[in-house]
Amino acid sequence: MRLSELSERSGVSTATIKYYLRERLLPAGARITATQAEYDESHLRRLRLVRALLQVGGLPVATAREVLAHADDASLGRTMRLGAALWALPHGPEPDENAPETVTARADVARLFTELGWTTTQEIGELSPVHRSLVASLATLIRLGHPYEVEYLAQQARAMRELAVWDLDSLEEYPTEAEQVEAAVASAVLYEPLLSSLRRLAQAEEAAQRYGIT
């Protein structure tokens, strides 16, 4: 398709598409003349992802470019490609290494993963920004006087593992690794807020069933 058709089908203006091309958020089309290029379904799919990253995720252009570069890096294996793209997304705060609560939180996280048997997660450890964010979150709970039980966290983690199985089953329906990684990134941006909303609604529904609505 030509640029005008890509714009019409995506709902993104030609000026914005050209901006995405300049910023390397969108791969260049196949050149057919000195001034014209053709685009295909992969460009349409990428435009949807770019809009999710920028408009819903609120990512800066430079961060979105990094996420997409990892998604496009065919030199990586599927697990590393997916992990690198997701790691490039914004995460929570880093642990405060001067806080005594961080030591306790880090030990609890290690105990949690041992109980779960998540050996890969243990091996990667704090190379993962998500791992570090978990440590920081637990340290904050300790500092604010909100105790938690590792056993409770393990129950929550097992429920998340079941969701992960469904997620990856869904991703494997896409025909290429690039599409699978793009779908995972889009899911992280679009569906994590949705899951948080569903959890709160489920709690409200359970409370109503247990205690009534008066």
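Bear in mind the structure is a predicted one, so any value in this text is a computation, not a measurement.

**Q** Which residues make up the overall build of the protein, and what values go with them?
**A** From N to C terminus, the protein includes ten helices and two strands. Going residue by residue from the N terminus, the α and β elements of the protein occur as α-α-β-β-α-α-α-α-α-α-α-α. Each of the three principal axes of the protein carries a C-alpha extent, and together these read 65 × 45 × 30 Å. Buried residues in the protein amount to 33% of all 214 residues. Partitioning the intrachain contacts of the protein with sequence separation of at least 6 by distance along the chain shows that 60% fall at a separation of at least 24. Approximately 13,400 Å² of the protein is accessible, and the part contributed by carbon and sulfur atoms is 55%. When the 22 basic and 30 acidic side-chain charges of the protein are each reduced to a single mean position, those positions are 7 Å apart.

**Q** Report on the environment of Gln 203, specifying residues and quantitative values.
**A** Tracing the chain through its elements places Gln 203 in helix α10 (residues 177-211). A sequence separation of 117 residues divides Gln 203 from Leu 86, and the C-alpha atoms of the two residues are 28 Å apart.

**Q** A description of the pattern of salt bridges should follow, citing residues and the corresponding values.
**A** By the definition in use, this model includes 14 salt bridges. Arg 132 serves as the salt-bridge partner of Glu 94, at 2.7 Å between the closest nitrogen and oxygen. With Glu 94 in the loop between α5 (78-87) and α6 (100-116) and Arg 132 in helix α8 (residues 129-143), this pair connects stretches of sequence that are 38 residues apart. On the basis of relative accessibility, which here comes to 47%, the residue Glu 94 falls in the partly exposed class. Each of Arg 45, Arg 46, Asp 72, Glu 179 and Glu 182 takes part in a single network of salt bridges with overlapping partners.

**Q** How would you sum up the layout of surface pockets? Please name residues and give values.
**A** Roughly 230 Å³ of internal volume is contained in the second largest pocket. Lining the second largest pocket are Arg 2, Leu 3, Ser 4, Lys 18, Leu 21, Ala 28, Gly 29, Arg 31, Thr 35, Gln 36, Ala 37 and Tyr 39. Elements with a contribution of two residues or more to the lining of the second largest pocket: α1 (3-10) and α2 (14-22). Its residues assigned to classes, the lining of the second largest pocket comprises five nonpolar, four polar and three charged.

**Q** Got a sec to walk through the environment of Leu 82? Specific residues and values, please.
**A** Inspection of the secondary structure assignment puts Leu 82 in helix α5. Each C-alpha atom, one on Leu 82 and one on Asn 98, is 32 Å from the other, the two residues being 16 residues apart in sequence. Beyond its immediate chain neighbours, meaning those up to four positions away, Leu 82 contacts Leu 168, Val 181 and Ala 184.

**Q** Quick rundown of a negative patch on the surface? Include the residues and the values.
**A** On the surface, a cluster of negative charge is contributed by Asp 167, Asp 169, Glu 172 and Glu 173. With respect to the element layout, Asp 167 can be found in helix α9 (residues 150-171). Residue classification places Asp 167 among the partly exposed residues on the basis of a relative accessible area of 43%.

**Q** Summarise the side chain of Gln 180; cite the residues concerned and give the values.
**A** Following the sequence through the fold, Gln 180 ends up in helix α10. Residue classification places Gln 180 among the buried residues on the basis of a relative accessible area of 10%. Within the local environment of Gln 180, its side chain forms a polar contact with the side chain of Arg 78, the two groups lying 3.0 Å apart. Of the polar contacts made by the side chain of Gln 180, one reaches the backbone oxygen of Tyr 174; its length is 3.2 Å. If near-sequence neighbours (up to four positions away) are discounted, Gln 180 is found in contact with Arg 78, Leu 171, Glu 172 and Tyr 174.

Definitions and cut-offs
Residues numbered from 1 in each chain as written. Predicted model: local features only at pLDDT ≥ 70, side-chain atom pairs only at ≥ 80, totals over all residues. Heavy atoms only, no water. Helix = DSSP H or I, 4+ residues; strand = E, 2+ residues; numbered from the N terminus. Buried < 20%, exposed > 50% of the residue type's maximum accessible area, 1.4 Å probe, protein only. Contact = heavy atoms within 4.5 Å. Areas by Shrake-Rupley, 256 points an atom, 1.4 Å probe, with all protein chains shown as cover. Lys, Arg positive; Asp, Glu negative; His and termini not counted. Charge placed at Lys NZ, Arg CZ, Asp CG, Glu CD. Salt bridge = Lys/Arg side-chain N within 4 Å of Asp/Glu carboxyl O. 1 Å grid on protein atoms, 1.4 Å probe; cavity = no way out; pocket = protein on both sides within 12 Å on 5 of 7 lines; lining within 4 Å. Points joined across faces, edges and corners; volume = space filled by probe spheres on them. Nonpolar A, V, L, I, M, F, W, Y, C, P; charged D, E, K, R; others polar. Patch = residues over 30% accessible without salt bridge, like charges linked within 9 Å, V, L, I, M, F, W, Y side chains within 5 Å. Polar contact = N/O pair within 3.5 Å; in protein donor to acceptor, adjacent residues only side chain to side chain.

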